[in-house]
Amino acid sequence: MASPTAPPVPAASSSSATGGSCCCEKSLAYLLLRVGLGVLLLLYGVEKFKSPAAPYNYSFSYWHDTYNSEGKVEKTGKWVNVAKPVFEFGGFNNPAVYTEKGVNFLTHVFKTYAMVIPYAMIAVGFFILIGFLNRISLLLGGGIWLSLAMGQMTLPDSPTVQLLMNFTLYYVVALALVKHNRWAVTRF
């Protein structure tokens, strides 16, 4: 005679016991990382508009050049401090290597990049902070830090390159955790 067998015991149904794909801890970890990265990028962008001397205040005019009535630069903006070292010490102003047309082109590229970067940092930082188009915003944020690191790579400034690459790595981690996004304007 066959002995009766006990029915199988069902597995635990909680997501933490089964290793579910979206637990509260991972969502909170992503939220903290996203908010931190958004605030970091936003404040680094705002800092570009800070006055160079005390008492400190903020204005777009500090970043941009001031022109006189003849259209000539009367006072250079803070953007020169960003672009000039990489442009000159990186060797991009060498017409023997890049030709005169090439140097003029690179001059315009560096100036355009330097003029746009703080606005891009503020916009992308704000989008990351509120969770708007998460994947695209995080990709753009990582791209901003990577572009700054690439500029510093042309200089003998390894500590700054390492810092900027660490910032880029944080965006890589955030992109890996974006599937745990719960609190955002958009879920993409």
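The rules behind each value
- Residues numbered from 1 in each chain as written.
- Predicted model: local features only at pLDDT ≥ 70, side-chain atom pairs only at ≥ 80, totals over all residues.
- Heavy atoms only, no water.
- Helix = DSSP H or I, 4+ residues; strand = E, 2+ residues; numbered from the N terminus.
- Buried < 20%, exposed > 50% of the residue type's maximum accessible area, 1.4 Å probe, protein only.
- Contact = heavy atoms within 4.5 Å.
- Areas by Shrake-Rupley, 256 points an atom, 1.4 Å probe, with all protein chains shown as cover.
- pLDDT = per-residue confidence, 0-100.
- Patch = residues over 30% accessible without salt bridge, like charges linked within 9 Å, V, L, I, M, F, W, Y side chains within 5 Å.
- Salt bridge = Lys/Arg side-chain N within 4 Å of Asp/Glu carboxyl O.
- Expected span 1.5 Å × (residues − 1).
- Core = buried A, V, L, I, M, F, W, Y, C linked by side-chain atoms within 4.5 Å.
- Axes fitted to C-alpha atoms, helices over the stretch in contact; angles between N-to-C directions.
- Parallel < 35°, antiparallel > 145°, perpendicular 65-115°, else oblique.
- Left-handed = near helix turned anticlockwise from the far one by under 90°.
- Nonpolar A, V, L, I, M, F, W, Y, C, P; charged D, E, K, R; others polar.
- 1 Å grid on protein atoms, 1.4 Å probe; cavity = no way out; pocket = protein on both sides within 12 Å on 5 of 7 lines; lining within 4 Å.
- Points joined across faces, edges and corners; volume = space filled by probe spheres on them.
- Lys, Arg positive; Asp, Glu negative; His and termini not counted.

Asks: What is the right way to look at the overall build of the protein chain in this model?
Replies: Helix and strand content of the protein chain: six helices and two strands. Sequence-ordered secondary structure for the protein chain, helices as α and strands as β, is α-α-β-β-α-α-α-α. Counting all 188 residues of the protein chain, 30% fall into the buried class. A sequence separation of at least 24 residues applies to 63% of the contacts in the protein chain between residues at least 6 apart. As displayed, the protein chain has an accessible area near 11,800 Å², and 67% of this comes from carbon and sulfur atoms.

Asks: For this particular structure, what's the right way to read the confidence of the model for the protein chain?
Replies: Low-pLDDT portions of the prediction should not be read for the details of their coordinates. Averaged over the protein chain, the pLDDT score is 84; the fraction of residues at 70 or greater is 87%. Between residues 12–18, whose pLDDT stays under 50, and residues either more than four places distant or in other chains, the model counts three contacts.

Asks: Would you explain a nonpolar patch on the surface in this entry?
Replies: Together, F126, F127, I130, F132 and V185 line one region of the surface with nonpolar side chains, adding up to about 400 Å² of accessible area. Note on placement: F126 falls in helix α4 (residues 95–130).

Asks: I keep staring at helix α5 (residues 134–153) and nothing clicks. Help me out?
Replies: Residues three or four positions apart in an α-helix share a direction because the helix packs 3.6 residues into each turn. Spanning 20 residues, α5 covers 28 Å between terminal C-alpha atoms, matching the ideal 28 Å at 1.5 Å per step. Those residues of α5 not exposed but buried are N134, S137, L138, G141, G142, I144, W145, L148, A149, G151 and Q152.

Asks: Help me understand the nonpolar core in this model?
Replies: Nonpolar side chains in soluble globular proteins tend to be buried together. L41, L138 and W145 are the most contacted members of the largest nonpolar core, which has 31 residues in total. Contributions of two or more residues to this core are made by α2 (24–47), α3 (79–89), α4, α5 and α6 (158–177). Here the element with the most residues in this core is α4; it accounts for nine residues. Residue contacts for L41: discarding those within four places in its chain leaves M121, V124, G125, I128, G141, I144, W145 and Y171.

Asks: In this structure, what is going on with the packing of α5 against α6? I would like to understand it.
Replies: Two packed helices can be described by the angle between their axes and the distance between those axes. As a packed pair, α5 and α6 sit with axes 8 Å apart at the nearest point and diverge in direction by 165 degrees. Comparing the axis directions of α5 and α6 gives the class roughly antiparallel. When the axes of α5 and α6 are compared, the crossing they make is left-handed. Mapping the contact onto sequence places R135, L138, L139, G141, G142, W145, L146, L148, A149, Q152 and M153 in α5 and T160, V161, L164, M165, F167, T168, Y171, A174 and L175 in α6. The class makeup of the residues in the contact of α5 with α6 is 14 nonpolar, five polar and one charged.

Asks: So what exactly am I meant to see when it comes to the layout of surface pockets here?
Replies: Where empty space is left can be seen by rolling a probe of water-molecule size over the atoms. Estimated volume of the largest pocket: approximately 540 Å³. If you trace the largest pocket, you find 23 residues lining it, with V82, V86, Y113, L148 and Q152 closest to the centre. Looking at the lining of the largest pocket, the elements with two or more residues in it are α3, α4, α5 and α6. In terms of residues, the lining of the largest pocket owes the most to one element, α5, which gives six residues. Residues of the lining of the largest pocket, tallied by class, amount to 17 nonpolar, five polar and one charged.

Asks: Would you mind showing me how to read the side chain of K48 here?
Replies: Mapped onto the elements of the fold, K48 is located in the loop between α2 and β1 (66–67). E47 is the oppositely charged side chain nearest to the buried, salt-bridge-free K48, at an N-O distance of 4.1 Å.

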